[in-house]
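# Examination of the molecular architecture
Residue-level listing of the chains:
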Amino acid sequence: METNRMQKILIVDDSPSNIRLLNDILRQEYQIFYATNGQEALDITLTHKPDIILLDILMPGMDGFVVCAKLKTNTETLDIPIIFVTGNNDPSAETQSFVHGAVDFITKPINPPVVRARIKTHLELKGQRDALARSNKLLQLEIQERKKLEQKLREQAEIDLLTGLPNRRLFQDRLQQEILKGKRKEGKVALLFLDLDRFKWVNDTLGHDAGDQLLVDVAQRLNQVVRKSDTVARLGGDEFVIILSDIHHESMAELVASKILELLHQPFILKNQEVVISGSVGIAIFPLDGETSDVLIKHADMAMYQAKTMGRNTFQYFSK
């Protein structure tokens, strides 16, 4: 908090003698500014941001009540304490002062010890309020940062860090949600299980960095063939799964599988050379091939291995 010598006081009074008197009382402890009318007071307040304002009520043009009201409606100045210093002894004037937002009311003739004591008290209170506001702001920032961290940790727990796709945990949750939705609407859900062909060859020949880049590129291509309502996830290694939600006919899964194989067969650029791979896709349909997520995954996986035994670069539906 600033020391008293650094704190600023604005004296607003149309009487030069009153300004001189207050200046003589306060100048050894505070930096003094003064204004002789309401508009000048508003301008100086915005420019110099005084720590406290001593404000007369009876002034030509804009009186002290209007000045106080304007300061209290401005977000830049509403926290500045205002003490009315006036020769108006009418009790209603004191009441009006507090209604307009003043913190204190001092009547003339001025008693120097009283003025100094009240200014000191209100500056100390303002310092305490400012310190509390800073503390609350820091606390709010800390809470926001903690929430961001918690959100990031939640996302990391559900996202494959290499490809940015949902991981096994999030995939299983979404599959269960799609199955529940399918049961309610008596709809169909297709699960495609993809395993890359020749992925081991890429790792062994070009290195694991090239293998990682291939997985990232595959993830991008898979997202090109699905709708926003569908899910592409990576289970681990070179295994990917695709959830096609609310399909009208099983042939939609076949169409997507064909597009996937077509995209995979287009060359990938790894370490400045073209690499051509393929994939094997297994398809299982809810509710025809299973009514739970575990059964559906198992059957899609079995269909994928069937595709591999048939020469790879193809897809197969699950068959009992």
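Each remark here, short or long, concerns the structure printed above.
Heads up: these notes are all about the structure in this document.

What counts and what doesn't
- Along each chain, numbering runs from 1 in the same order as the chain's sequence is written.
- It should be noted that, the model being predicted, local features are given only for residues of pLDDT at least 70 and side-chain atom pairs only at 80 or more, the latter also being counted only at that level, while totals for whole chains, interfaces and linings use all residues.
- Excluded from the side-chain calculation are hydrogens and water; included are all heavy atoms of the structure.
- Strands are treated as partners if at least two bridges between them are detected by DSSP.
- Working definition: helices are DSSP H or I runs of at least four residues, strands are E runs of at least two. Numbering for both runs from the N terminus.
- Every axis in this analysis is a line fitted to C-alpha atoms, fitted for helices over the stretch in contact. Angles between the N-to-C directions lie between 0 and 180 degrees.
- Throughout, a residue-residue contact means that at least one pair of heavy atoms, one from each residue, lies within 4.5 Å.
- Accessible area is worked out with a 1.4 Å probe on protein chains only. A residue is then buried under 20% of its type maximum, exposed over 50%, and partly exposed in between.
- Crossovers are described as right-handed under a simple rule: with the strands pointing away from the observer, the path leading from the first strand over the helix to the second runs clockwise.
- For this document, the term salt bridge refers to a Lys or Arg side-chain nitrogen within 4 Å of an Asp or Glu carboxyl oxygen.
- Nonpolar cores were defined as sets of buried Ala, Val, Leu, Ile, Met, Phe, Trp, Tyr and Cys residues, with membership established by side-chain atoms within 4.5 Å.
- Centre distance within 6.5 Å is the pairing criterion for rings of Phe, Tyr and Trp, where only the six-membered ring of Trp is used; planes under 30 degrees apart are then read as stacked, over 60 as edge-to-face, and the remainder as tilted.
- Only when the NZ of Lys or the CZ of Arg is both within 6 Å of the ring centre and within 35 degrees of the ring normal is a charge said to sit over the ring.

## Observations regarding the sheet that holds strand S6 (residues 188–197)
Spatial strand order, S7-S8-S6-S11-S12: 5 strands in an open sheet with mixed pairing. Strands with a single pairing partner mark the edges of an open sheet, and in this sheet they are strand S7 (231–236) and strand S12 (314–317). For this sheet, the mean inter-axis angle between neighbouring strands, taken without regard to orientation, is 20°. The sheet contact formed by S7 and strand S8 (residues 239–247) spans 5 bridges and is antiparallel. Its bridge partner lying in S8, Ala 233 is registered against Val 241. Helix H8 (residues 208–223) rests against S6, S7 and S8 of the sheet, and its axis sits at about 10° to S8. Across the sheet, helix H10 (residues 293–309) lies against S6, strand S11 (278–286) and S12, angled at about 145° from S11, the strand it touches most.

## Section: the pairing of S6
Of all 10 residues that make up S6, 9 are buried, and the element is covered over most of its length. For S6 and S8, the ladder comprises 7 bridges, and the chain directions are antiparallel. Looking across to S8, one finds that Leu 191 is bridged to Ile 243. Relative to S11, S6 runs antiparallel, the two being bridged by 9 bridges. Bridge pairing links Val 189 to Phe 286 in S11.

## Quick word on the pairing of S11
Among the 9 residues of S11, 9 are classified as buried, and the element is accordingly described as predominantly covered. Two strands pair when backbone bridges link them, and S11 and S12 are joined in this way by 4 bridges, in the parallel orientation. Looking across to S12, one finds that Gly 282 is bridged to Gln 316. Remark: the S11/H10/S12 crossover connection has left-handed handedness.

## Some remarks on the pattern of salt bridges
All chains considered together, the criterion is met by 16 salt bridges. For Asp 195, the salt bridge is made with Lys 308, and the minimal N-O distance between the two is 2.8 Å. Highlighted residues: Asp 195 in strand S6 and Lys 308 in helix H10, separated in sequence by 113 residues. Here Asp 197 ties to Arg 312 by a salt bridge, and the two come within 3.5 Å at their closest N and O atoms. Residue Asp 197 is found in strand S6, and its partner Arg 312 is found in the loop between H10 and S12; the two are separated by 115 residues along the sequence. A relative accessible area of 1% means that Asp 197 is categorised as buried. One network of salt bridges, with partners in common, ties together Asp 195, Asp 197, Lys 308 and Arg 312.

## Describing the nonpolar core
Counting 36 residues, the largest nonpolar core has Leu 192, Leu 196, Val 218, Phe 240, Leu 244 and Ile 260 as the members making the most contacts within it. Listed by contribution, the elements that provide at least two residues to this core are S6, helix H7 (199–206), H8, S8, helix H9 (251–265), strand S9 (268–270) and S11. Sort the elements by how many residues they give to this core and H9 lands first, with 7 residues. Apart from residues lying up to four places away in sequence, Leu 192 is in contact with Phe 240, Val 241, Ile 242, Leu 244, Ala 253, Val 256, Ala 257, Ile 260, Val 281, Gly 282 and Ile 283. The next biggest cluster of nonpolar side chains, apart from the first, holds 22 residues, and it includes Ile 57, Cys 68, Ala 93 and Ala 102.

## Some details on the packing of aromatic side chains
One pass over the full model with this rule turns up 2 aromatic pairs. Geometrically, the ring pair formed by Phe 65 and Phe 84 is edge-to-face, given 5.5 Å between the ring centres and 65° between the ring planes. On the criterion of sequence distance, the pair formed by Phe 65 in helix H3 (residues 64–72) and Phe 84 in strand S4 (residues 82–86) is long-range, its members being 19 residues apart. For the pair formed by Phe 65 and Phe 84, the shared burial category is buried. For the ring pair Phe 315 and Tyr 317, a centre distance of 6.4 Å and an interplane angle of 85° mean the geometry is edge-to-face. Given a relative accessible area of 28%, Tyr 317 falls into the partly exposed group. Seen from the ring of Trp 201, Arg 198 lies directly overhead, with NZ or CZ sitting 4.4 Å from the centre.

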